[in-house]
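Single-letter residue listing:
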Amino acid sequence: MQYRRDVDGLRAVAVLPVILYHAGISAFSGGYVGVDIFFVISGYLITGIISAEISEGTFTVSNFYVRRIKRIFPALYFMMLVTIILSGFLLLPEHFRNFGKSVAATVFFSSNFFFWKQSGYFDAAAETKPLLHTWSLGVEEQFYIIFPLFLLWLYKNRKNTKLAVVVVFAVSLALSIFLTYRKPEMSFYLLPTRAWELMLGAMLSLGLFKRVENRYASDALSLLGAAMIAASVALFNTATPFPGYNALLPCAGAAMVIYAGEKSVFGRILSFRPLVFTGLLSYALYLWHWSFIAFRNYYKNIAGDAFFMSNWFIIAVTFLFALISYYFVEHPVRRKKFPVPSRLFKISAAVMLLFTVIGTVIYKTDGMPFRMPESVNVVTDVKESRYRSTDCYYRDPMKADIDNLCRMGDKKNKPTFIVWGDSHALSLTDGMDKYAHENGVTGVFAGKSACPPLRLVRILINDVPTNCRQFNDIIFKDVAADKEMKNVFLVGRWEVYSGKPTLGNDAGSEMTLDDGITKNVIEHDNLKVFEESLVRTIGSLERAGKNVYFVMDVPEVPYDVPSEMGKIEYFKHVFPVLTSFVTSALPYSHYQERNELVFKVLEKVKSKTNVKVVDIQDILCKDGECKLTEGGKSLYADDDHLSVFGSEYVIGQTGTFLDEILKK
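Note that the structure is a prediction, hence the values are computed from the model and not measured.

Analysis parameters
- Residues numbered from 1 in each chain as written.
- Predicted model: local features only at pLDDT ≥ 70, side-chain atom pairs only at ≥ 80, totals over all residues.
- Heavy atoms only, no water.
- Helix = DSSP H or I, 4+ residues; strand = E, 2+ residues; numbered from the N terminus.
- Expected span 1.5 Å × (residues − 1).
- Bend = angle between axes of the 7 residues up to and from the residue.
- Buried < 20%, exposed > 50% of the residue type's maximum accessible area, 1.4 Å probe, protein only.
- 1 Å grid on protein atoms, 1.4 Å probe; cavity = no way out; pocket = protein on both sides within 12 Å on 5 of 7 lines; lining within 4 Å.
- Points joined across faces, edges and corners; volume = space filled by probe spheres on them.
- Nonpolar A, V, L, I, M, F, W, Y, C, P; charged D, E, K, R; others polar.
- Disulfide = S-S within 2.5 Å.
- Pairing = 2+ DSSP bridges.
- Contact = heavy atoms within 4.5 Å.
- Axes fitted to C-alpha atoms, helices over the stretch in contact; angles between N-to-C directions.
- Salt bridge = Lys/Arg side-chain N within 4 Å of Asp/Glu carboxyl O.
- Polar contact = N/O pair within 3.5 Å; in protein donor to acceptor, adjacent residues only side chain to side chain.

1. As for helix α24 (residues 588–608)
Then, number 1: Taking 1.5 Å as the rise per residue, α24 with 21 residues should run 30 Å; its terminal C-alpha atoms sit 29 Å apart, in good agreement.
Then, number 2: Where α24 bends most, at N595, the angle is about 55 degrees.
Then, number 3: Within α24 the residues assigned to the buried category are H590, Y591, R594, N595, V598, V601, L602 and V605.

What follows is the structure, encoded as structure tokens:
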């Protein structure tokens, strides 16, 4: 197949937006489409090489895989080796353990399946996974395994190769469009929904489109293709449904540029030496850029704006390692002859086995916690509430009557109080249980995820209704009828229900409160519904003879507390100068801003009811800061839930307040 300089230039156009997008530069919000351009190029080149060799009678499967191994393995395993070493030095045990699994998945080119099951590509949690970008290698390698055999079978059996490729293209595109709106992560990561992009390149290579001889037409096509690529890079973002039909814009643009040819106006631009050279480095650049960016993201809350955390530094280091990889790893191996392919296969198998063992050891040893100072392991070791179980929390809401609820304290006596709410109520149960045991009182826990204790309100998550209302109806009915149950503690993530956006692990989820009394349509006015339903709920409970206590939420934190505190502790031992300006507390102003709407609602509610407010921030926040740790231990289990230790600490610090309520 004849070499085309413009195609290497197009590789540069593919890789640079990916790097700039991952670096967080807003002008390249759709830079991830560079991967799709790579897929089109791969389909074009691989099909051209295979079909030409089959026609000449020189194609063999073993020689094809020898070339693929020499092209892909050396740089990949060099990058993985360096990334493993850096991860062992930088990642906390929990994250290093998961990294070990990703190493094993990458070895067998199945990391696209691995990351599909873990999280979405655009999720915040994905930003710190050093091997996330290898998902695209998984897609390409799966294509390299299947497609040559498919193409060889078509030629040998004299089938209509062009028609077969068109059929695969059409089926894959239809599947991609269908699944992008129903199972977006599956559509993003897997070969069946990406194959059409590769087939688009294959269709070009097989000559399905009649060549344009007119110079002006080819120039126009190349410029239009370039504009389509530029538009997708600039206009797409993480909210754009992808791939699906949106991926047609960059893929068709790339196909038009290739189709227009090397002599077209944009083809001549792509043939400029700097772009061609960057294109030759594109594989190495792609391999190296994400690992460095992921490590930067991992420590972004600690290192601040230091130069080595800047985009320019990260990009410079990426180019440096790409050059090293290209000249000292890729080139020597690609030039080396392997007259007996089985020798290369054995070497490759041995390397794969070695990296599999490394990944397995990392995983089986729970991320090698012995690497870390003891203070790191102490602050990151958060226990899960014993109430987070099927019986207590993940239960059938239709079986949530009082007699079936999990108890706190003395289980022999009749319960006199209830902790009712969502997962933030769950995070108080261990502390309440300890208090109740020590003081001879009994309570019950009624909790359901993302379900505030509000009567007659539908809860929708991303406009999808939950069965929260049924759960609350049952709890209210039983509580109102139980004469022994005198005290009701309402606990919830109030700032979100009042209309503030979600933070941390739930960022991007939209919570809607819908007043189900007067209508069945969704009214996106959380604040109004929150206020009215809170007055309704408290008033109903008070009329049933209950003492109602509104528990203010714990300060929400914009990051995972145990992890970030662990990183600070680690850097205090390794690079103390980098943490000299870092505080392990949250500004009180953050708490105030998050709860400003809740404060306003409470003032109105208190004027209409006798509700009493339990303000946890009085315990956690002093002198303009809200503490996140105590005695070297994390008070939080994540970004917005108390840990078991934190729950026991907060309840233990309430002083005589609970005594006055529960010991009457």
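2. Digging into empty space enclosed by the protein
Then, number 1: In the structure shown here, the tally under the stated rule is one cavity of 30 Å³ or more.
Then, number 2: Around the largest cavity sit H424, S427, L428, V491, M552, D553, V554 and I616, which together line it.
Then, number 3: The leading source of residues in the lining of the largest cavity is helix α19 (residues 423–439), at three residues.

3. Considerations on the layout of surface pockets
Then, number 1: As a volume, the second largest pocket reaches approximately 930 Å³.
Then, number 2: In terms of lining, the second largest pocket is formed by 34 residues, of which the most central are R11, L45, R68, R71 and R334.
Then, number 3: Sorting the residues of the lining of the second largest pocket by element identifies α1 (5–22), α2 (34–56), α3 (61–90), α6 (135–156), α13 (273–280), α14 (282–298) and α16 (311–335) as the ones contributing at least two each.
Then, number 4: With nine residues, α2 is the largest single contributor of residues to the lining of the second largest pocket.
Then, number 5: Considered class by class, the residues forming the lining of the second largest pocket number 19 nonpolar, five polar and 10 charged.

4. Structural notes on the state of the cysteines
Then, number 1: Counted under the stated rule, the structure contains three disulfides.
Then, number 2: Paired through a disulfide, C392 and C406 show a sulfur-sulfur distance of 2.0 Å. Residues C392 and C406 are joined through a disulfide that is left-handed, its torsion about the S-S bond being -85 degrees. Taken as a pair, C392 in the loop between α18 (374–380) and β1 (406–409) and C406 in strand β1 lie far apart in primary sequence, 14 residues in all. With respect to class, C392 is no different from C406; both count as buried.
Then, number 3: Between the sulfur of C451 and that of C468 lies a disulfide, 1.9 Å long from S to S. Taking the sign of the S-S torsion, 85 degrees for the link of C451 and C468, the bridge is right-handed. Of this pair, C451 sits in the loop between β3 (442–447) and β4 (457–461) while C468 is found in helix α20 (residues 468–481), placing the two residues 17 residues apart along the sequence.

5. Some remarks on unusual backbone geometry
Then, number 1: The residue after F242, namely P243, is reached through a cis peptide bond having omega 10 degrees.
Then, number 2: Counting through the fold element by element, P243 comes out in the loop between α10 (215–235) and α11 (248–260).
Then, number 3: You will see that A450, though not glycine, has its phi angle at about 55 degrees, which is positive.
Then, number 4: By the element assignment, A450 lies in the loop between β3 and β4.
Then, number 5: Positive phi, normally seen in glycine, also occurs at L456, with a value near 60 degrees.

6. Some thoughts on the sheet that holds strand β5 (residues 464–465)
Then, number 1: Ordered by their spatial adjacency, three strands build an open sheet running β5-β4-β7, and the pairing between neighbours is antiparallel. One side of each edge strand has no neighbouring strand; the edge strands of this open sheet are β5 and β7 (511–515).
Then, number 2: Where β4 and β5 come together, two bridges link them in antiparallel fashion. From the neighbouring strand, I461 faces β5, where its bridge partner is V464.
Then, number 3: Running over the sheet, helix α22 (residues 526–543) touches β4 and β7 and is turned about 55 degrees from β7.

7. Topic: the pattern of salt bridges
When charged atoms on two side chains of opposite charge get close, those side chains can pair.
Then, number 1: Under the definition given, this model contains 20 salt bridges.
Then, number 2: Here E596 and K500 are joined by a salt bridge, their closest N and O atoms 2.8 Å apart. Residue E596 is found in helix α24, and its partner K500 is found in the loop between α21 (494–497) and β7; the two are separated by 96 residues along the sequence.
Then, number 3: According to the relative accessible area criterion, K500 is buried, its value standing at 12%.
Then, number 4: K572 serves as the salt-bridge partner of E569, at 3.5 Å between the closest nitrogen and oxygen. Of this pair, E569 and K572 are both found in helix α23 (residues 561–574), three residues apart, which corresponds to roughly one turn of the helix.

8. Topic: the side chain of T193
Then, number 1: With respect to the helices, strands and loops of the structure, T193 is situated in the loop between α8 (184–189) and α9 (195–205).
Then, number 2: A distance of 2.6 Å separates a polar atom in the side chain of T193 from the backbone oxygen of S187.
Then, number 3: Not counting chain neighbours up to four residues away, the residues in contact with T193 comprise S172, L175, S176, L179, M186, S187 and P243.

9. Comments concerning the pairing of β4
Then, number 1: In the sheet, β4 pairs with β7 via five bridges, with the strands oriented antiparallel. Bridging across to β7, I459 finds its partner in L513.
Then, number 2: Linking β4 to β5, which pair antiparallel, is a turn of two residues; within it N462 sits at a positive phi near 55 degrees.

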